[in-house]
Amino acid sequence: MPIVVKVLTIVLIVMTILIYRKKYTWPFLGLLIVFSLGQLALEDSFNYSVLGSFLKYLFFLLITLYFIKINNADVSKSVFPIFEIIILINSCIVLLAYIFEWKIFATYSHRFGYSGLFMASATSTYFYCIALAYFFIRYNSRAFKNPIFYSSIISVCLLGTKTALLYLVFSLALFFIVQIKEVKKRIGVAILFLMLGASGLYFFLQRGIFKDITQEKGWITSILSLRDQLLIESTIPYIQENWSFLNYIFGGLSILSMRSQMEYFDLLLFFGILGSCLYLYLLCWFSRLRDLKSNHLAFFLIILLFGGAFISGNFFYNGSIPIYFVVLILASLETLKKTSVN
């Protein structure tokens, strides 16, 4: 999303909060204080690009707050069809790109994968993870009668990203486990999908560039696509050389290239222990995650989505992801409302 559009959106939402929803001012003020204290505790000179990164993190919270907590208008009827059309169009492009080997739509320049119109691999990965969760939550078993759902599955297989493939396997497992009532059958399904996931991951890591990484550096490094090496060689030394006690509480970052590209480590790097806890609390509050506990399928699919960020990056940092995330929450709340009425 262009930076100008993002800044204008932030300004408009902040003005709305200040005028009509002042009670939501304090959480963001607290996050700003944490960010400021973390930066002031650093010995390095202030880097203005870090302020841009702070706005990126802020954007996720503001979009979620506005469309889930503040704006009570029923936008679902128009949002859901548009979202499904986007899924279908991009999935068609992914399939055609694979068939005709259109490199312009490739996920990577050095390995297999096609992401369609999405420029970054993280964007396409989270988009299709959200798409899968959306179909399971909104349509339940009827998802298997929807051709767009199958186009999403095909696209996940053609993306070439481990996170999307693992999410496909575990979301299918969650769906069937929730549907099954008998405990023994649930355990059997869980074991079956764990074996499928492990087998799929094994074969994935025995191909192309990952085969070399696995042989040279081990399974963990291969699964994390060298992110653990970035953490050990860049992030941790930066913390040891530049952080004081206050930075462990409030975070602090002056060189963006020190990020490990694993979302929760980067969140800690940016906001520290206190700020990260505050950020995640606000996200759960604004997205009404607690309300979704009674809808087990929706709740666990969203938790699984958050879990994917452990082995991948740019979930909270990406400008497009919060928009798709809001669609997922709206679908979850709609399903919860229908269930409550019935």
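As a reminder, the structure under discussion sits directly above these lines.
Residues numbered from 1 in each chain as written. Predicted model: local features only at pLDDT ≥ 70, side-chain atom pairs only at ≥ 80, totals over all residues. Heavy atoms only, no water.

Digging into the packing of helix α3 (residues 48-70) against helix α13 (residues 263-286)
The criterion, for reference: Think of each axis as a best-fit line through the C-alpha atoms, taken over the contacting stretch in the case of a helix, with angles from 0 to 180 degrees between the N-to-C directions. Strands here are runs of E lasting at least two residues and helices are runs of H or I lasting at least four, both read from the DSSP assignment and numbered beginning at the N terminus. Roughly parallel refers to an angle under 35 degrees, roughly antiparallel to one over 145, roughly perpendicular to one between 65 and 115, and oblique to any angle outside these ranges. Working rule for handedness: look at the near helix, and if it is turned counterclockwise from the far one by less than a right angle, call the crossing left-handed; if clockwise, right-handed. In what follows, a contact means two residues having at least one pair of non-hydrogen atoms within 4.5 Å.
At their nearest, the axes of α3 and α13 sit 11 Å apart, and the two run at 15° to each other. Classed by the angle they form, the pair α3 and α13 counts as roughly parallel. Of the two possible hands of crossing, α3 and α13 adopt the one that is right-handed. Contacts from Val50, Ser53, Phe54, Tyr57, Phe60, Leu61, Thr64, Leu65, Ile68 and Lys69 of α3 reach α13 at Glu263, Asp266, Leu267, Phe270, Phe271, Tyr279, Leu282, Leu283, Trp285 and Phe286.

Notes on the packing of aromatic side chains
Here the distance between the centres and the angle between the planes together describe a pair of aromatic rings. Here is the rule: Only Phe, Tyr and Trp rings are paired, with Trp represented by its six-membered ring, and only when their centres lie within 6.5 Å; those with planes under 30 degrees apart are stacked, over 60 edge-to-face, the remainder tilted. When accessible area is computed with a 1.4 Å probe and restricted to protein chains, residues below 20% of their type maximum are described as buried, those above 50% as exposed, and intermediate ones as partly exposed. Comment: the charge-over-ring label is applied if NZ (Lys) or CZ (Arg) is within 6 Å of the ring centre and within 35 degrees of the ring normal.
Counted by the stated rule, this structure contains 53 aromatic pairs. Here the aromatic rings of tyrosine 57 and phenylalanine 271 are separated by 5.4 Å at their centres, their planes lie at 75°, and the arrangement is edge-to-face. Separated by 214 residues along the polypeptide, tyrosine 57 in helix α3 and phenylalanine 271 in helix α13 bring together distant segments of the chain. The class of tyrosine 57 is buried, set by a relative accessible area of 1%. Given a relative accessible area of 0%, phenylalanine 271 falls into the buried group. Ring centres of tyrosine 264 and phenylalanine 316 lie 5.9 Å apart, and the angle between their planes is 80°; on these two criteria the pair is classed as edge-to-face. Highlighted residues: tyrosine 264 in helix α13 and phenylalanine 316 in the loop between α14 (296-308) and α15 (321-341), separated in sequence by 52 residues. For phenylalanine 316, a relative accessible area of 0% corresponds to the buried category. We note arginine 259 situated over the ring of tyrosine 317; from NZ or CZ to the ring centre the distance is 4.0 Å.

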